[in-house]
Amino acid sequence: MLNDLVSLFYPRNCVCCQQPLIKRETDCCIMCLTELPRTNFATNNENPVAKLFWGRIELTFGYSVFHFSKGGKLQSMLHSLKYQNKTQVGIFLGKEMGQELIKSGKNEKIDLIIPIPLHPEKERLRGYNQSDFLVKGMSNITSIPSDNNAVIRTVHTTSQTRKAKFDRWKNVDSIFQVKRPKQITGKNILLVDDVITTGSTLESCAKVLLENGASSVSIVVVASGT
Ligand SMILES: [Zn+2]
């Protein structure tokens, strides 16, 4: 009764299609939930995202939760999270990532979740780091602690979209710095980002964490092109 009244005055809408939610639905409607293109990579240690890092850096595990397809529902969700202040989309996707982590049993291997930091100037302009909300949702579901300030980004990289792969490698080399080494020493860390392309940014951040005493690093992203 109270719930009906609340939804009468504060209608809840799907974070994906914006249609009103029915009683049992939270965040996302059943229709959109079933349509989201899941990868099922979490339980496959030889998935395309993990393979991206082979020969580059040693990860405990790495995977994406969804496939990224142009023009798809997920693309518009990620866009609204990044550019339209739709932070609740980030929390929803983070919860999905958290559930996937628990389902795979890999939550047992993680002590601390860290979002890939944005450059402070970029974060100031945008007003937030979208990955902070992914981590918030994940932490909420898994009860694994998170830290948004252990690592910072130091160099402002120019837009990488038009650069050749080789140049990107140089571009992202050591742009991260551990600000609170005590926080990461001896910990099994999970790095979180929204979309993975070449993996060079994640690789660079993982490297810095390992060099500063992290026991292990794993990677989970919302979506990959593969
Ligand atoms: Zn929907």
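Thresholds, definitions, all that
Residues numbered from 1 in each chain as written. Predicted model: local features only at pLDDT ≥ 70, side-chain atom pairs only at ≥ 80, totals over all residues. Heavy atoms only, no water. Salt bridge = Lys/Arg side-chain N within 4 Å of Asp/Glu carboxyl O. Helix = DSSP H or I, 4+ residues; strand = E, 2+ residues; numbered from the N terminus. Buried < 20%, exposed > 50% of the residue type's maximum accessible area, 1.4 Å probe, protein only. Donors = N, O, S within 2.8 Å, 3.2 Å for Na, K, Ca; no water. Tetrahedral: all angles 85-135°; square planar, octahedral: opposite > 155°, others 65-115°.

Chemist: Break down the pattern of salt bridges for me, with residues and values.
Modeler: For side chains of opposite charge, pairing can occur when their charged atoms come near one another. Tallied over the entire structure, the rule returns nine salt bridges. With its nearest N and O atoms 2.9 Å apart, the salt bridge here joins Glu-35 to Lys-73. A residue pair is termed long-range when its members are at least 10 positions apart, and Glu-35 in helix 2 (residues 30-35) and Lys-73 in helix 4 (residues 73-83) qualify at 38 residues. Looking at Glu-35, the relative accessible area reads 46%, which means it is partly exposed. Classification of Lys-73 by relative accessible area gives partly exposed; the value is 31%. Across the salt bridge formed by Lys-82 and Asp-194, the nearest N and O atoms sit 3.8 Å from each other. Placement of the pair is Lys-82 in helix 4 and Asp-194 in strand 5 (residues 188-196), with a sequence separation of 112 residues. Each of Arg-56, Glu-203 and Lys-207 takes part in salt bridges that share partners, so that together they form one network.

Chemist: Would you mind going over the coordination of the zinc ion in detail, with residue names and values included?
Modeler: Around a metal, the ideal angle is 109.5 degrees if four donors adopt a tetrahedral arrangement and 90 or 180 degrees if six donors adopt an octahedral arrangement. Donor atoms from the polypeptide that coordinate the zinc ion comprise Cys-14 (SG), Cys-17 (SG), Cys-29 (SG) and Cys-32 (SG), at 2.3 Å from the metal. Note that the zinc ion binds four donor atoms; their angles at the metal cover 101 to 116°, and the shape is tetrahedral. Here the donor residues for the zinc ion map to a single chain with the spacing C-x2-C-x11-C-x2-C. On the criterion of sequence distance, the pair formed by Cys-14 in the loop between helix 1 (2-9) and helix 2 and Cys-32 in helix 2 is long-range, its members being 18 residues apart. Judged by relative accessible area, which is 2%, Cys-14 ranks as buried.

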